[in-house]
Amino acid sequence: MTADAVVFDIGRVLIDWQPEEFYDRALGPDRRRTLFDAVDLYTMNAHVDRGADLHDAVEALAAAHPGWAAEIRLWRDSWLDMAQPEIPGSVRLLRALKARGVPVYALTNFGIQTFEIARAAYPFLDLFDARFVSGHLRVMKPEAEIYAILEAETGHAPERLIFTDDNADNVAAAAARGWQAHLFTGPDGWAAQLVRAGLLTEQEAAHG
């Protein structure tokens, strides 16, 4: 089936995001595992992705775990070190779609402050025709509402949207609405999907 517009997730699709690898470098693997067992950093991050202030969320968690306060603050103070590098093949595909005049949208679970950090570091995030960021919307994938917001604001019929995400639950939620949904495992598979949808030629997909 052809598509009219393309929707990208960002983390682990356009930008790598590997907190464990960062903390392995900062603390060593054994201490990192102890930290992640003792402190629920991912739940804190989910609150940030839903619109909580990054500084306040980090400080609240640090106060609750004073023995780990310095390590918890790394999540804020060294956030960009966890969110790198860009994934070049995916960025090339985004640029190729944009050059062809295909509408491109971002649908991402991302905090308000962290997204601004990412925008400053990765100018290609400004290529999107519109960005649907969970922190601003205060609703997250895979909740149906965030998909409905994108449909309503862009005016595209669900079946004419093609979407990629590295999270299977997020992909399933999009598919349930009728979107053409692709589980991202790397740029090559995503490129092939865009070719099948008639949005890029094989040459454009191969060279981005």
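Structure's up top.
Remember, it's a predicted structure, so these values are computed and weren't measured experimentally. (Residues numbered from 1 in each chain as written. Predicted model: local features only at pLDDT ≥ 70, side-chain atom pairs only at ≥ 80, totals over all residues. Heavy atoms only, no water.)

A.B. asks: Can you tell me about the pattern of salt bridges, naming the residues and giving the values?
C.D. replies: Using the criterion set out here, one finds 16 salt bridges in the structure. Between Arg 73 and Glu 59 there is a salt bridge whose closest N-O contact spans 2.9 Å. Pair noted here: Arg 73 is in helix α5 (residues 69-77) and Glu 59 is in helix α4 (residues 54-64), with a separation of 14 residues, a long-range link. What makes Arg 73 partly exposed here is its relative accessible area of 29%. Counted as one network, the salt bridges with shared partners bring together Glu 59, Arg 73, Arg 76 and Asp 77. (Salt bridge = Lys/Arg side-chain N within 4 Å of Asp/Glu carboxyl O. Helix = DSSP H or I, 4+ residues; strand = E, 2+ residues; numbered from the N terminus. Buried < 20%, exposed > 50% of the residue type's maximum accessible area, 1.4 Å probe, protein only.)

A.B. asks: Describe the pairing of strand β4 (residues 161-165), listing the residues and the values that go with them.
C.D. replies: Along a regular strand, successive side chains alternate from one face of the sheet to the other. Among the five residues of β4, five are classified as buried, and the element is accordingly described as predominantly covered. Alternating residues of β4 divide into Leu 161, Phe 163 and Asp 165 and Ile 162 and Thr 164, and every residue in both groups is buried. The pairing of β4 with strand β5 (residues 180-183) spans four bridges and is classified as parallel. Within the sheet, the bridge partner assigned to Asp 165 lies in β5 and is Leu 183. Considered for its hand, the β-α-β crossover made up of β4, helix α11 (residues 168-176) and β5 is right-handed. (Pairing = 2+ DSSP bridges. Right-handed = clockwise from strand over helix to strand, strands pointing away.)

A.B. asks: Account for the environment of Gln 113, naming residues and giving values.
C.D. replies: Checked against the element boundaries, Gln 113 lands in helix α8 (residues 112-121). For Gln 113, a relative accessible area of 28% gives the class partly exposed. Separated by 48 residues in the primary sequence, Gln 113 and His 65 have C-alpha atoms spaced 23 Å apart. Setting aside residues up to four positions removed in sequence, Gln 113 forms contacts with Ala 52, Asp 53 and Leu 54. (Contact = heavy atoms within 4.5 Å.)

A.B. asks: Describe the nonpolar core, and please don't skip the residues or the numbers.
C.D. replies: By size, the foremost hydrophobic cluster in this structure holds 53 residues, and its most contacted members are Val 6, Phe 8 and Leu 14. With residues near it in sequence (within four places) discarded, Phe 8 still touches Val 13, Leu 14, Ser 90, Leu 94, Leu 97, Val 104, Tyr 105, Ala 106, Leu 107, Phe 128, Thr 164 and Trp 190. Grouped together as the second largest cluster of nonpolar side chains are 15 residues, Tyr 105, Val 139, Leu 150 and Trp 179 included. (Core = buried A, V, L, I, M, F, W, Y, C linked by side-chain atoms within 4.5 Å.)

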